[in-house]
Amino acid sequence: MILDSKVPAGPLESKWENHKFNMKLVNPANKRKYTIIMVGSGLAGGSAAASLAELGYNVKCFCYQDSPRRAHSIAAQGGINAAKNYQNDGDSVMRLFYDTVKGGDFRSREANVYRLAEVSVNIIDQCVAQGVPFAREYGGQLANRSFGGAQVSRTFYARGQTGQQLLIGAYQALERQIGLGKVQMYTRSEMLDLVVIDGKARGIVTRDMVTGKIESHAGDAVVLGTGGYGNVFYLSTNAKGCNVTAAWRAHKRGALFANPCFTQIHPTCIPVAGDHQSKLTLMSESLRNDGRIWVPQKAGDNRAPGAIPEGERDYYLERKYPSFGNLSPRDISSRAAKEVCDEGRGVGPGGLGVYLDFADAIKRLGESVIRERYGNLFEMYERITGENPYQVPMRIYPAVHYTMGGLWVDYNLMSNLEGLHVIGEANFSDHGANRLGASALMQGLADGYFVLPYTISNYIAETKPQTIGTDHPAFKQVEQEVAERTNKLLAINGTRTVDSFHKELGKIMWDYCGMARNDAGLRKALELIPPLREAFWRDVKVSGVNADLNQELEKAGRVADFMEFAELMCHDALMRTESCGGHFRTESQTEEGEALRDDENFAYVAAWEYTGVGNPPVMHKEELEFEYVHLGQRSYK
Ligand SMILES: Cc1cc2nc3c(=O)[nH]c(=O)nc-3n(C[C@H](O)[C@H](O)[C@H](O)COP(=O)(O)OP(=O)(O)OC[C@H]3O[C@@H](n4cnc5c(N)ncnc54)[C@H](O)[C@@H]3O)c2cc1C
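Residues numbered from 1 in each chain as written. Predicted model: local features only at pLDDT ≥ 70, side-chain atom pairs only at ≥ 80, totals over all residues. Heavy atoms only, no water.

Student: Would you take a moment to explain the overall build of the chain for this structure?
Tutor: Per the secondary structure count, the chain includes 17 helices and 19 strands. Oriented by its inertia axes, the alpha-carbon framework of the chain measures out at about 75 × 60 × 45 Å. Here the chain, with 637 residues, has 62% of them falling under the buried criterion. Here the contacts in the chain between residues at least 6 apart in sequence split such that 74% fall between residues at least 24 apart. Put simply, the chain shows about 23700 Å² of open surface, and 49% of that area lies on carbon and sulfur atoms. (Helix = DSSP H or I, 4+ residues; strand = E, 2+ residues; numbered from the N terminus. Buried < 20%, exposed > 50% of the residue type's maximum accessible area, 1.4 Å probe, protein only. Contact = heavy atoms within 4.5 Å. Areas by Shrake-Rupley, 256 points an atom, 1.4 Å probe, with all protein chains shown as cover.)

Student: Before we go on, may I ask you to explain the site of the ligand in this structure?
Tutor: Every one of the 38 residues lining the ligand counts as a neighbour, but Gln 65, Ser 73, Gly 78, Met 191 and Glu 425 are closest to it. Within the backbone of Ser 41, one N or O atom sits 2.9 Å away from an oxygen atom of the ligand. A distance of 2.4 Å separates an oxygen atom of the ligand from a polar side-chain atom of Gln 65. Those elements that place two or more of their residues in the shell around the ligand are helix H3 (43-55), strand E6 (189-197), strand E15 (394-403) and helix H12 (440-461). A total of three residues in the shell around the ligand trace back to one element, the largest contributor, which is E6. Counted by class, the shell around the ligand contains 16 nonpolar, 19 polar and three charged residues. (Near = heavy atom within 4 Å. Polar contact = N/O pair within 3.5 Å; in protein donor to acceptor, adjacent residues only side chain to side chain. Nonpolar A, V, L, I, M, F, W, Y, C, P; charged D, E, K, R; others polar.)

Student: I tried to follow the nonpolar core on my own but got confused; where do I start?
Tutor: Within soluble globular proteins, side chains that are nonpolar tend to cluster in buried spots. By size, the foremost hydrophobic cluster in this structure holds 172 residues, and its most contacted members are Met 38, Ile 80, Leu 420 and Met 509. With 14 residues, helix H16 (residues 551-575) is the largest single contributor of residues to this core. Excluding its chain neighbours within four sequence positions, the residues that come into contact with Leu 420 are Leu 194, Ala 201, Val 222, Leu 224, Ala 250, Ala 255, Leu 413, Met 414 and Ser 415. Among the nonpolar cores identified, the runner-up in size contains ten residues, and Ile 197, Ala 218, Ile 468 and Val 478 belong to it. (Core = buried A, V, L, I, M, F, W, Y, C linked by side-chain atoms within 4.5 Å.)

Student: I'm lost on helix H1 (residues 12-22) in this one. Help?
Tutor: Side chains that are three or four residues apart share a direction in an α-helix, a result of its 3.6 residues per turn. Buried within H1 are the following residues: Leu 12, Lys 15, Trp 16 and His 19. Seen from one end, H1 has its buried residues packed into an arc of 80 degrees, which puts them on one side. Against the buried residues of H1 lie helix H4 (93-103), helix H5 (110-130) and H12. (Arc of directions from axis to C-beta.)

Student: Would you explain empty space enclosed by the protein in this entry?
Tutor: Once rolled over the atoms, a probe with the size of a water molecule shows which space is left empty. Following the criterion strictly, the structure yields four cavities of 30 Å³ or more and no others. If you add up the space inside the largest cavity, you get close to 130 Å³. Residue lining of the largest cavity: Glu 190, Leu 192, Arg 207, Arg 249, Val 482, Arg 485, Thr 486, Leu 489, Leu 553, Glu 554, Gly 557 and Arg 558, and that is the complete set. Elements that contribute at least two residues to the lining of the largest cavity include exactly E6, helix H13 (473-492) and H16. (1 Å grid on protein atoms, 1.4 Å probe; cavity = no way out; pocket = protein on both sides within 12 Å on 5 of 7 lines; lining within 4 Å. Points joined across faces, edges and corners; volume = space filled by probe spheres on them.)

Student: How do you make sense of the sheet that holds strand E2 (residues 58-62) when you look at a structure like this?
Tutor: Through backbone hydrogen bonds, the strands of a sheet pair up, either in parallel or in antiparallel fashion. The sheet built from five strands is open, its strands ordered E5-E2-E1-E9-E17 with parallel pairing. Every interior strand has two partners, whereas the edge strands, strand E5 (183-186) and strand E17 (420-422), have only one. Taken over all neighbouring pairs, the strand axes of this sheet differ in orientation by 20 degrees on average, direction set aside. Pairing of strand E1 (residues 35-39) with E2, which is carried by five bridges, proceeds in the parallel orientation. (Pairing = 2+ DSSP bridges. Axes fitted to C-alpha atoms, helices over the stretch in contact; angles between N-to-C directions.)

Student: I would appreciate a short explanation of the layout of surface pockets in the present structure.
Tutor: Counted as a void, the second largest pocket has a volume near 620 Å³. Lining the second largest pocket are 23 residues, and of these Leu 235, Val 272, Lys 507, Trp 510 and Asp 511 sit closest to its centre. At the level of secondary structure, the elements contributing two or more residues to the lining of the second largest pocket comprise E15 and helix H14 (498-513). Looking at side-chain class alone, the lining of the second largest pocket contains 15 nonpolar, three polar and five charged residues.

Student: I tried to follow the packing of aromatic side chains on my own but got confused; where do I start?
Tutor: Ring pairs (aromatic) are described by centroid distance and by the angle formed between their planes. Throughout the structure, instances matching the rule amount to 23 aromatic pairs. Residues Trp 16 and Tyr 411 carry aromatic rings whose centres are separated by 6.0 Å and whose planes lie at 70 degrees to one another, so their mutual orientation is edge-to-face. You can see Trp 16 sitting in helix H1 and its partner Tyr 411 sitting in the loop between strand E16 (406-407) and E17, a full 395 residues away along the chain. Exposure class is identical for Trp 16 and Tyr 411. Each is buried. Between Phe 106 and Phe 626, the aromatic rings sit 5.9 Å apart at their centres with planes inclined by 80 degrees, giving edge-to-face as the arrangement. One end of the pair, Phe 106, is in the loop between H4 and H5; the other, Phe 626, is in the segment after strand E19 (618-623), and 520 residues separate them in sequence. Residue classification places Phe 626 among the buried positions, given a relative accessible area of 14%. Every member of this aromatic cluster is reached through a ring pair, and the members are Tyr 229, Trp 248, Phe 257, Phe 565 and Tyr 610. Looking at Arg 313, its charged tip hangs above the ring of Trp 294, at a distance of 4.0 Å from the centre. Geometry around Tyr 390 places Arg 371 over its ring, the cationic atom sitting 4.3 Å from the centre. (Phe/Tyr/Trp six-rings, centres within 6.5 Å; stacked < 30°, edge-to-face > 60°. Lys NZ or Arg CZ within 6 Å of the ring centre and 35° of its normal.)

Student: Teacher, can you tell me more about the environment of Glu 339 here?
Tutor: Tracing the sequence through the fold places Glu 339 in helix H9 (residues 330-342). Since its relative accessible area comes to 31%, Glu 339 is described here as partly exposed. Along the sequence, Glu 339 and Gly 593 sit 254 residues apart, while their C-alpha atoms lie 9.2 Å from each other.

Student: Looking at this structure, I do not really get the pairing of E2. What am I missing?
Tutor: Two faces, one strand: in a regular strand the side chains alternate between the faces of the sheet. Among the five residues of E2, four are classified as buried, and the element is accordingly described as predominantly covered. Note that E2 and E5 share four bridges and pair parallel. Residue pairing in the sheet places Lys 60 in a bridge with Gln 184 of E5.

Student: Please clarify how the sheet that holds E16 should be interpreted in this entry.
Tutor: Strand order in the open sheet formed by four strands is E16-E10-E18-E19, with antiparallel pairing between adjacent strands. Single-partner strands in this sheet number two, and they are E16 and E19. Alignment of strand E10 (residues 257-258) against strand E18 (residues 604-609), held across two bridges, turns out to be antiparallel. Each bridged residue has a counterpart across the sheet, and for Ala 258 the counterpart in E18 is Ala 607. Where H16 meets the sheet, it contacts E10, E18 and E19, and its direction lies at approximately 145 degrees from that of E18.

The structure is reproduced here in structure tokens:
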């Protein structure tokens, strides 16, 4: 299979502009003849659904929550990047592009990243016009703060609730189109399969989560904006519902899955407190603007933090990476935290924690300034841990947070399956092996508001309105398969809960495909997963019935997909014997313990083809070329 990225020719700076001009348009009167299926109504899906309906297409939009407003995007705390250079501190489109390619450890496509940086400025204008209440300076200008991997302040924010405010903006735009009848919204509706006819994505099959009814929907194009798969690890900062199902079912129908092993472990999360925990909580990276990270210099020093004098503390990020200090990128900061904990210098129960200390900032700026900047995050921390972070340092530890891998897409955000487009966290496209903070919201909204509306129109312009309806045998066949799978899950009636299987899978993934990976561990995971999957299908107990709201059944379907997907992640991680970004192979490190890339052998996107459950997947390569950012060892010193 030849993977054509369809990156337009010409200089980097004018690729997108020229491409927009060269792409075909659809006559306004013809747009209403086309139906686009949008799965997902988070920042990516919601913004795209609203924009496409605004253009005149008929949109059918699906989400599994009871309202688009509950998409996981609502959890995003810290902010959204844009190259506005309001601070006059040297930012530019080129610099945002450069930081993102370097931050991603040179495993993303230059042309996509440049376009992302280019449209970042439009996103802020669009959101402000919608009324998103970004923080402002005294004089009215939008305020900025810094995020990891950057030496400029380019992150726009609304306290620690940026995702929520952006989502309300996109949701309003979506609601307007629902009101106008251009978007038909299907809440509590889970896509359980993709229908492909003659190599083209023609529609989806869904299950109504309240009644259990299986339904088909046909369209001229299908778009997945279904988010990330971090919950394969069971414990993560993602909402409990986040899953891989839509992407995985599309993969099983032929869509290639790219770089599935690229997982982001976020350095600042509340440490795991016990065995019964089902969720981890992020403490936004924005806190690292003012918080200083440290551990005691001596291993086993268990004095209270206030009793450890300055001279006996190790501000290890400031020491190791003086240029970026506490704002070093996430992969680097996470590994550094693991390293000091492995040396026995971790703090808190079990020694798996480091301090994030605001004492200096409070002394310098006053408590009221810190409260204004991070009040809700401090409150959340205190509610969860019972400790007051204005008085004692926060304790933090890395946790699974984001997935850079996803379905493979070309420059037009179309997968290798004609008609199937993928946006937001669900695609693999822009973050390489490590996403920089505040770049996911930027990418989701870039895809939804500013890229897909152009590229999908170009696709539609070349396609005659769909004549295939849901009475086509292919739809009936997939409906039957979906129903059979659901019934099978209910009929097992075994002895173990869905969660117990999920937890066991998560532990395998964390131990062998987590923050550090090696050949032996990954092979071990590949031995452990198939019998666990088999046990799941033999012994899981899914209580309740199909024709009712049944969360056990929903979870079971998602965990069944994680059981298959986990194996693909391990194959990908095993094949990539280099370290890069979030993928740290212990066999491949520099003398100083930093990730050691192997550009000669691995400067490519690994796009995997499905060959059946338990069968080794087949890899296809998209070679990456770096014309503008020269490949080099990343340095944040
Ligand atoms: C705690 C936390 C804080 C974060 N903070 C930031 C931040 O400050 N800045 C930043 O840039 N990024 C941040 N991120 C990352 C960012 O929030 C996400 O990457 C981004 O919001 C994903 O948006 P999305 O639209 O792609 O997916 P989501 O918001 O996850 O939306 C997915 C949508 O797909 C639907 N869906 C999924 N599967 C199906 C299915 N099978 N059938 C039907 N519908 C389905 C869901 O219902 C939902 O509507 C944070 C992430 C977390 C976990």
